[in-house]
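Residue-level structure breakdown
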Amino acid sequence: QGGSVSSFAKQSTNVNNNAYAGGAVGAGANAVINTVVNSFENNLLSYIDIDNTSLDGVSTVSVAADSDENLRNTNIGVSVAELGASIGSNTIVNYIENTTKAYIDAKGKSMNASGQVSVTANDQVLVDNKLGLLAAGTEAVGASVNVNVINNAVIAELLTAQDGQINAGNVEVLADSVIGM
């Protein structure tokens, strides 16, 4: 039998934020506000579309889409007022909305592979946030807020129209999502 057909797409996002703020007064009021915001919306697509031909006599067909998002955020603040009011605020916001999709669409055609047909979509999100805040004074108020919104879609598909078909010795369709905090 024939050779192999493959499609592979990879996306990697690495973010390292370090935000430090400080303020001090002897008398009076002091305020330190420190904010880190990361926002991502990505679409990663890997596919084989069999539209104007057929895919026959191949040994293996492989389609893969792999997406990795690694976010490391450090947000440290210090607000000191010896004789007065001290206010401190630290915030980290991560908003991630990605689609990772892999597919084979035979439409109304045929695809015949003697070996493996594999369609895989993988998405991995790792978030490591570190917040620290010190507010000191005659009157002191401090707040730290950590917000993570992750709305990812991971899709792996084998598609055909009503008169299409996919034949193979072995078929694997896998969509996998990992979120680590």
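Just so you know, these numbers come straight off a predicted model, no measurement behind them. Per chain, the residues get numbers from 1 upward, laid out in the order the sequence is written. Two thresholds apply to this predicted model, a pLDDT of at least 70 for residue-level local features and 80 or more for giving and counting side-chain atom pairs, whereas whole-chain, interface and lining totals are computed over all residues. Only heavy atoms go into the side-chain values, all of them from the structure, while hydrogens and water stay out.

A few words now on the overall build of the protein chain. Think of it this way: any DSSP run of H or I at least four residues long counts as a helix, any run of E at least two long counts as a strand, and we number them from the N terminus. When helices and strands are counted, the protein chain shows zero helices and seven strands. Starting at the N terminus and walking to the C terminus, you meet the elements of the protein chain as β-β-β-β-β-β-β. Its C-alpha radius of gyration of 26 Å places the protein chain more than 25% over the 16 Å reference for a compact globule of 181 residues. Seen through its C-alpha atoms, the protein chain measures out along the principal axes to roughly 85 × 25 × 20 Å. Burial analysis of the protein chain (181 residues in total) assigns 36% to the buried set. Should any heavy atoms of two residues lie within 4.5 Å, those residues are considered in contact. Considering only residue pairs separated by 6 or more positions, the protein chain has 84% of its internal contacts joining residues 24 or more positions apart. Here, Shrake-Rupley sampling with a 1.4 Å probe gives the accessible areas, and only protein chains in the shown set may cover a residue. Here the protein chain has roughly 9100 Å² of accessible surface; of this, 47% comes from carbon and sulfur atoms. Of the charged side chains in the protein chain, 6 are positive and 17 negative; the average position of the first set lies 5 Å away from that of the second. The globule rule used here is 2.2 Å times the number of residues to the 0.38 power, and the radius of gyration it is set against is calculated over C-alpha atoms. Partly exposed residues are those whose accessible area sits between 20% and 50% of the maximum for their type, while under 20% is buried and over 50% is exposed, using a 1.4 Å probe and protein chains only. Charge convention: Lys and Arg are scored as positive, Asp and Glu as negative, and His as well as the terminal groups of each chain are ignored. Working definition for charges: the position is that of NZ of Lys, CZ of Arg, CG of Asp or CD of Glu.

Definition used in this section: a nonpolar core is a set of buried Ala, Val, Leu, Ile, Met, Phe, Trp, Tyr and Cys residues joined via side-chain atoms within 4.5 Å. If you look at the biggest cluster of nonpolar residues, it comprises 19 residues, and the most contacted ones within it are V61, I104 and M111. Mapped onto this core, the elements with two or more residues apiece are β2 (30-49), β3 (55-58), β4 (60-105), β5 (110-150) and β6 (153-159). Counting residues in each nonpolar core, the second largest holds six residues, with V15, F40, V125 and V127 among its members.

A separate point is unusual backbone geometry. Positive phi outside glycine occurs at K107, with the angle close to 50 degrees. Position of K107 relative to the elements: it lies in the loop between β4 and β5. For K107, a relative accessible area of 27% gives the class partly exposed.

Turning next to the pairing of β4. Here, any two strands with at least 2 DSSP bridges between them count as paired. Bridge analysis of strand β1 (residues 4-27) against β4 gives 23 bridges, and the strand direction is parallel. Counterpart to A21 in the pairing with β4 is G77. The pairing of β4 with β6 spans seven bridges and is parallel. Across the sheet, residue Y103 finds its bridge partner in β6, namely E157.

With that settled, the discussion passes to the pattern of salt bridges. For this document, the term salt bridge refers to a Lys or Arg side-chain nitrogen within 4 Å of an Asp or Glu carboxyl oxygen. Tallied over the entire structure, the rule returns five salt bridges. For the salt bridge of D128 with K130, the shortest nitrogen-to-oxygen distance reads 2.9 Å. Note on K130: relative accessible area 43%, which makes it partly exposed. Beyond isolated ion pairs, a larger network of salt bridges with shared partners links D49, D105 and K107.

Before going further, it helps to spend a moment on the environment of A85. Relative to the elements of secondary structure, A85 occurs in strand β4. Judged by relative accessible area, which is 28%, A85 ranks as partly exposed. With 60 residues separating them in the primary sequence, A85 and V25 have C-alpha atoms 9.6 Å apart. Residues in contact with A85, not counting those within four places in the same chain, are G28, A29, N30 and E139.

For patch building, the residue pool is restricted to those with more than 30% relative accessible area and no salt bridge; the joining distance is 9 Å between like charges and 5 Å between nonpolar side chains (Val, Leu, Ile, Met, Phe, Trp, Tyr). A surface patch of nonpolar side chains, amounting to about 180 Å² of accessible area, comprises V145, V147 and V149. Tracing the sequence through the fold places V145 in strand β5. Residue class for V145 comes out partly exposed when judged on its relative accessible area of 38%.

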